[in-house]
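Read off the chains here:
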Amino acid sequence: MSNNNKKYLIAPSILSADFARLGEEVEKVLASGTDWVHFDVMDNHYVPNLTIGPMVCAALRKYGVTAPIDVHLMVKPVDRLVGDFIEAGATNITFHPEASEHPDRTLQAIRAGGCQAGLVFNPATPLNWMDHVMDKLDLVLLMSVNPGFGGQKFIPQTLNKLREARQKIEASGRNIRLQVDGGVGVHNLAEIAEAGADTFVAGSAIFGAAQATDPHRYDSIVKAMREQLAPFEK
Ligand code: DX5
Ligand code: ZN
């Protein structure tokens, strides 16, 4: 079981994993020392792509995955799927506030189901969506690309937005994780950590880094990522 008390968490996005052998991929990436399984749900409506749903989440639990499953909903409407993912064994559920008619209610429903709740901000979505729901947030996710696809380039403006989000979190005095998602890799982890993020989603940087047949396929990339974060661990 991964340790949520760690300062920095790495959340591999399985969007870039080999779906034909998903259970094994998740097992391997966790064995390399990653923390959360980032689970991207796309509906071909809120975002122009279609991925995986609650059945796949339940299948990972059945396969034996005990690590936190971090469900990132890129769907509209949001609420019906929240219940399905609670049932399917999700640990965290995050959603885009503008995709929900009533974000406060959605956050409450996630927590009532025993999951950790969070809001996701697209590059152009203002952070003030979080101001009146701080007491209902366990995490805040800043998109550093426009949602829908893996393998895009990190948008540098996200660094300023991370600083702003970090200030809001510190001012609230609450224990809220600040997660970043999109174009994250060894090359930019240090500056992202410096800007205030503590939880790093990485898809193509991790899953694109190794041969599927190598039994230790993700060890060296995850080690390289940890080395980038080490100076900030203190
Ligand atoms: C994009 C997804 C991301 C994606 C990140 O909409 O939310 O989680 O998998 O992929 P990379 O790390 O390749 O940018
Ligand atoms: Zn994501």
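The rules behind these values
Residues numbered from 1 in each chain as written. Chains lettered and ligands numbered in written order. Predicted model: local features only at pLDDT ≥ 70, side-chain atom pairs only at ≥ 80, totals over all residues. Heavy atoms only, no water. Donors = N, O, S within 2.8 Å, 3.2 Å for Na, K, Ca; no water. Tetrahedral: all angles 85-135°; square planar, octahedral: opposite > 155°, others 65-115°. Phe/Tyr/Trp six-rings, centres within 6.5 Å; stacked < 30°, edge-to-face > 60°. Helix = DSSP H or I, 4+ residues; strand = E, 2+ residues; numbered from the N terminus. Buried < 20%, exposed > 50% of the residue type's maximum accessible area, 1.4 Å probe, protein only. Arc of directions from axis to C-beta. Contact = heavy atoms within 4.5 Å. Axes fitted to C-alpha atoms, helices over the stretch in contact; angles between N-to-C directions. Left-handed = near helix turned anticlockwise from the far one by under 90°. Nonpolar A, V, L, I, M, F, W, Y, C, P; charged D, E, K, R; others polar. Near = heavy atom within 4 Å. Polar contact = N/O pair within 3.5 Å; in protein donor to acceptor, adjacent residues only side chain to side chain.

Caption draft 1: Structural view of the coordination of the zinc ion (ligand 2). Bound to the zinc ion (ligand 2) on the protein side are H38 (NE2), D40 (OD), H72 (ND1) and D181 (OD), at distances that span 2.1 to 2.3 Å. Coordination at the zinc ion (ligand 2) is octahedral, judged from the six donor atoms that bind it and the angles of 69 to 169 degrees they form at the metal.

Caption draft 2: Spatial organisation of the packing of aromatic side chains. Scanning all chains against the criterion turns up three aromatic pairs. Both rings, one in F39 and one in F85, keep their centres 5.7 Å apart while their planes meet at 75 degrees; by these two values the pair is edge-to-face. Taken as a pair, F39 in strand β2 (residues 37-42) and F85 in helix α3 (residues 79-87) lie far apart in primary sequence, 46 residues in all. Each member of the pair, F39 as well as F85, carries the same accessibility label: buried.

Caption draft 3: Seen up close, α3. Along α3, the residues that are buried comprise L81, V82 and F85. Buried residues of α3, seen end-on, are gathered within an arc of 110 degrees and therefore sit on one face of the element. Of the exposed residues in α3, the ones pointing more than 90 degrees away from its buried face are R80 and E87. Lining the buried residues of α3 we find β2, α2 (54-63), β3 (69-74), β4 (92-95) and α4 (103-112).

Caption draft 4: The arrangement of the packing of helix α1 (residues 22-31) against α2 in detail. The contact between α1 and α2 brings their axes to 10 Å, and the two run at 65 degrees. In the crossing of α1 with α2, the sense of the turn from one axis to the other is right-handed. The residues of α2 that touch α1, namely those facing L22, G23, E24, V26 and E27, are V56, L60 and Y63. The residue makeup of the contact of α1 with α2, split by class, is five nonpolar, one polar and two charged.

Caption draft 5: A look at the site of ligand 1. Around ligand 1 sit 20 residues in total, of which S13, D40, D181, G203 and S204 are the nearest. At 2.7 Å, a side-chain N or O of S13 approaches an oxygen atom of ligand 1. Here an oxygen atom of ligand 1 and a backbone polar atom of G183 are 2.8 Å apart. Of all elements in the fold, only β2, β3 and β8 (199-202) reach the threshold of two or more residues within the shell around ligand 1.

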